[in-house]
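Here is how the chains run, residue by residue.
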Amino acid sequence: MATATESNVLEALPRTPGTKNDARRVRVSGKVPAVLYGAGKESVSVSLDPRQVSRILHSQTGYNTIFDLALDGGERTKAMIVDWQYEPIKGALLHIDLKRIAMDKALTVSVPIVLKGEAAGVKQQGGILEQLLREVEIECLPGDIPTSIEADVSELVFGKVVRVSDLPHGEKLKFLTDPNQPVVHVTTVKEEVVATPEAVAAEAGAAPAEPEVIKKGKQETEEEGAAPASEKAEKSEKKEKK
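The notes below deal with the structure included here. (Residues numbered from 1 in each chain as written. Predicted model: local features only at pLDDT ≥ 70, side-chain atom pairs only at ≥ 80, totals over all residues. Heavy atoms only, no water.)

### Looking at the overall build of the chain
When helices and strands are counted, the chain shows five helices and 13 strands. Across the 242 residues in the chain, those meeting the buried criterion constitute 30%. Summarising the internal contacts of the chain: among those between residues at least 6 apart in sequence, 67% fall at separations of at least 24. Surface accessibility of the chain: about 16,400 Å² in total, with carbon and sulfur atoms responsible for 51%. (Helix = DSSP H or I, 4+ residues; strand = E, 2+ residues; numbered from the N terminus. Buried < 20%, exposed > 50% of the residue type's maximum accessible area, 1.4 Å probe, protein only. Contact = heavy atoms within 4.5 Å. Areas by Shrake-Rupley, 256 points an atom, 1.4 Å probe, with all protein chains shown as cover.)

### Re the pairing of strand β13 (residues 182-187)
Here strand β8 (residues 128-131) pairs with β13 via four bridges, running antiparallel. By the bridge assignment, Ile-128 is partnered in β13 with Thr-187. Sheet analysis places strand β11 (residues 161-163) next to β13, joined by three bridges and oriented antiparallel. Across the sheet, the residue bridging to Val-162 is Val-184, located in β13. (Pairing = 2+ DSSP bridges.)

### Here we look at unusual backbone geometry
For residues other than glycine, phi is negative in most cases, and the peptide bonds are mostly trans. Even without being glycine, Ala-39 reaches a positive phi, approximately 60°. Mapping Ala-39 onto the fold places it in the loop between β2 (32-38) and β3 (41-48).

### Concerning the sheet that holds strand β12 (residues 174-175)
Read across the sheet, four strands follow the order β10-β7-β9-β12 without closing on themselves; strand pairing throughout is mixed. Since the sheet does not close on itself, it has two edges, and those belong to β10 (149-152) and β12, each with one partner. Here strand β7 (residues 107-116) runs beside strand β9 (residues 135-140); their pairing, made up of six bridges, is antiparallel. Following the sheet pairing, Ser-110 is matched in β9 by Glu-137.

### Focus on the sheet that holds β8
Within a beta sheet, neighbouring strands are joined by backbone hydrogen bonds and run either parallel or antiparallel to one another. Within the open sheet, the three strands sit side by side as β8-β13-β11. Their pairing is antiparallel. Across the chains shown, the open sheet's two edge strands, defined by having one partner strand only, are β8 and β11. Each strand axis lies, on average, 15° off the axis of its neighbour in the sheet, ignoring direction. (Axes fitted to C-alpha atoms, helices over the stretch in contact; angles between N-to-C directions.)

### With respect to the environment of Glu-11
Tracing the backbone through its elements, the reader meets Glu-11 in strand β1 (residues 9-14). Along the primary structure Glu-11 and Val-46 are separated by 35 residues, whereas in three dimensions their C-alpha atoms are 9.7 Å apart. Excluding residues that lie within four positions of it along the chain, Glu-11 makes contacts with Ser-47, Leu-48, Asp-49, Gln-52 and Ala-70.

Structure below.
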């Protein structure tokens, strides 16, 4: 479960909200600008140690980690990271959004789905295991957030599908994802058909026949030219008589 302990503390320093230049100065100092909000309280601008933030994001519970936020000279509250931005080239953290968490109020989170076991359809039937859904959205109390949801695929064969409704969960978890949403199934190996040289040659030889050209224009030209030809013949006869 994603619970907070004394060793799971994120220290924060208050800062004065300002322009992009002010945020840039925070980054130059080795910190990352952040905003804390939620629980019906006013938002607070703070600066964080990016190494501590990265430690939380790369932990087993990741962005679902509930930790203690210790604000220097101010409040100490349960919180979690709800949004973060990275610099696209160097990958440095640019900004963090933190949310105050009330441990007695349910919240909505996305939890990764982990496949367990070896599918019979893969082992015995030679199929391929294909995972269609990698996260499921749930609602629960902060202290009940699971690290992951396990899907047992040991009995999965061709023609069967593990759906969200088949995932194990107790009364403490409420699934919000469509229960009919498929999670994983076994599919066949798709063979790529390679065309043989004979097939390529046959396809090239089967060129479409050229459309028949209607020679109407030429015929009309010949007919139009027929009159002048007869006139020439008449003129020639007249000359001979003379």
